[in-house]
Amino acid sequence: MTRLTPASGGGALRRETLALDGGLTIDPITKAIAPNISMSVNNVLVPGDGTFSADGVSDLTALPFLYARWTNPTVRQLEQRMAALEGAEDALATATGVAAIAATFLTFLKGGDHLIISDVCYAGANELARRILPDYGIEVTAVNMSVIGDVIAAFRPNTRLVHCESPCNPILRLTDLAEVAKLAHERGALVSVDSTLATPVATRPVVLGIDLVIHSLTKFINGHGDALGGAVCGRKQLVEKIRSRAGVYLGASLSAQNAWLILRGIDTLFPRLRTISASAMQIARFLAEHPKIKAVTYPGLEAHPQHALAKRQMDVFGGVLTFQTDDPRAMAAQFADRLRVAHYAFSLGHQRSIVVLLDTIEMMKSTYGLRGAQLDDYRAFAGDGVFRLSIGLESVDDLIEDLDQALRA
């Protein structure tokens, strides 16, 4: 028995319910409610059920399960859950978030095409676009997506895809998704958004006109820091194309074990994100008044330059904030030595709080290479460097006390 979702005619279930029931299949033999882990790579071929040949079939999910690199029962439940949460027709799960980005780029872009990408976004996406895609004859323009005039000026007759991120990692600048989608569609281009930091709890890009919604499932959606994964959600026609090309030929398939772990994480996505977002707001306000802090960036703060857009586009303001201090390198060493509740480490979106320094000069050298007005805008959010703080599920009072003692040491 497959649980009802809006797509299957069961009525408009609310997203909190879809986080638990979207795509959920009750085991027909044991009646187990928790999703099974199907670890088998191979499936028996049965005459007459369509499994003997997949030639000419673009939608591999329309066939019985064939081979785990293409489709897997556990992974398919995760895809259906993600599609339900995003209000999309379908989804493809991948081994990592950057695999989902690569699958999107390499499906919809070819030699002679043009990509517009946010000049500040996840480093893996930025570097893939600016360093690798040009080797294949794909033109790339990186623009500040918060300046609509710059987005308009970047379009060319051969622009096929616009890739944005909101909030962007690491400076938490926002993109007006509805406006960018409108501009792209008027010019015949698709739009993808990395919505990892927002999650479906905060933002529903499909409602705003976005064609493809990408997630690093490793982060908040899994929420436990123990499984890599990625996903791209959108119209069935688009997802089928990605699956038949990238899903089959790039080989970045998600394991059944990781799909099961991520499904477990999605069960608690809404209460986790709401708790984390409430804690993030409280901590952002605390840091904004702290004598050792120069600046705090969080979409929920009235001081955020795009706070009005955040209120319009986000239901909650997310679990990541950034802050600046004097002598950030010295403070980074101090945090690494003195933090007792939060952890000084990379990554984000886990159940435990994580903070790390992202030095502006290093970020420019390693990834972004911004100059002029684009560098000025980055520095307006980041100064010489920002501490990216991903809030976890610890007591907010314990986190505040821990940050305070580490800052004052």
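Below is a summary of the structure that appears in this document. Predicted model, so just to flag it, every value in this text is computed and none were measured.

## As for the packing of aromatic side chains
Here's step 1: If you walk through the whole model with that rule in mind, you get six aromatic pairs.
Here's step 2: Centre to centre, the rings of Y67 and W70 are 6.4 Å apart; their planes meet at 85°, and the pair counts as edge-to-face.
Here's step 3: Y67 gets classed as partly exposed once you look at its relative accessible area, which sits at 32%.
Here's step 4: Relative to F387, the ring of F323 lies with its centre 5.3 Å away and its plane at 15°, an arrangement referred to as stacked. Taken together, the residues F323 in strand 9 (residues 320-325) and F387 in strand 12 (residues 385-390) connect sequence positions 64 residues apart.
Here's step 5: What links up through ring pairs into an aromatic cluster is the set F323, F335 and F387.
Here's step 6: Lying across the ring of F155, R187 places its NZ or CZ 5.1 Å from the centre.

## Description of the sheet that holds strand 2 (residues 114-118)
Here's step 1: Pairing within the open sheet is mixed, and its seven strands lie in the order 1-7-6-5-4-2-3. Only two strands of the sheet have a single partner each, and these edge strands are strand 1 (90-94) and strand 3 (139-143). For this sheet, the mean angle separating the axes of adjacent strands, direction not counted, is 20°.
Here's step 2: Here helix 6 (residues 177-186) sits on the sheet in contact with strand 4 (159-165) and strand 5 (190-194), set at roughly 155° to strand 5.

## Notes on unusual backbone geometry
With the exception of glycine, most residues fall at negative phi, and the peptide bonds are largely trans.
Here's step 1: In the segment running from S166 into P167, the intervening peptide bond is cis, with an omega of -10°.
Here's step 2: Here P167 is to be found in the loop between strand 4 and helix 6.
Here's step 3: The amide bond that connects N169 to the next residue, P170, takes the cis arrangement and shows omega of 20°.
Here's step 4: Here P170 lies in the loop between strand 4 and helix 6.
Here's step 5: Despite not being glycine, T199 has its phi angle at roughly 65°, a positive value.
Here's step 6: Tracing the chain through its elements places T199 in helix 7 (residues 199-202).
Here's step 7: A positive phi angle is found at D327, which is not glycine, with a value near 45°.

## Some details on the state of the cysteines
Simply put, disulfide is the name for a covalent bond between the sulfur atoms of two cysteines.
Here's step 1: In total, this model carries zero disulfides according to the counting rule given.
Here's step 2: Here C233 is not disulfide-linked; the sulfur of C164 is the nearest cysteine sulfur, at 15 Å.
Here's step 3: In this structure C233 comes out as buried when scored by relative accessible area, which is 0%.

## Description of the nonpolar core
Here's step 1: Counting residues in each nonpolar core, the largest one holds 85 residues, and the members touching the most others are L78, M82, I283, L321 and F323.
Here's step 2: For this core, the leading source of residues is helix 10 (residues 269-288), giving nine residues.
Here's step 3: Apart from residues no more than four positions distant in its own chain, L321 is found in contact with L172, A280, I283, A284, L287, T297, Y298, F387, R388, L389 and I391.
Here's step 4: One finds A102, A103, I138 and I242 within the second-largest nonpolar core, a separate group that totals 26 residues.

Criteria and cut-off values
- Residues numbered from 1 in each chain as written.
- Predicted model: local features only at pLDDT ≥ 70, side-chain atom pairs only at ≥ 80, totals over all residues.
- Heavy atoms only, no water.
- Phe/Tyr/Trp six-rings, centres within 6.5 Å; stacked < 30°, edge-to-face > 60°.
- Buried < 20%, exposed > 50% of the residue type's maximum accessible area, 1.4 Å probe, protein only.
- Helix = DSSP H or I, 4+ residues; strand = E, 2+ residues; numbered from the N terminus.
- Lys NZ or Arg CZ within 6 Å of the ring centre and 35° of its normal.
- Pairing = 2+ DSSP bridges.
- Axes fitted to C-alpha atoms, helices over the stretch in contact; angles between N-to-C directions.
- Contact = heavy atoms within 4.5 Å.
- Disulfide = S-S within 2.5 Å.
- Core = buried A, V, L, I, M, F, W, Y, C linked by side-chain atoms within 4.5 Å.

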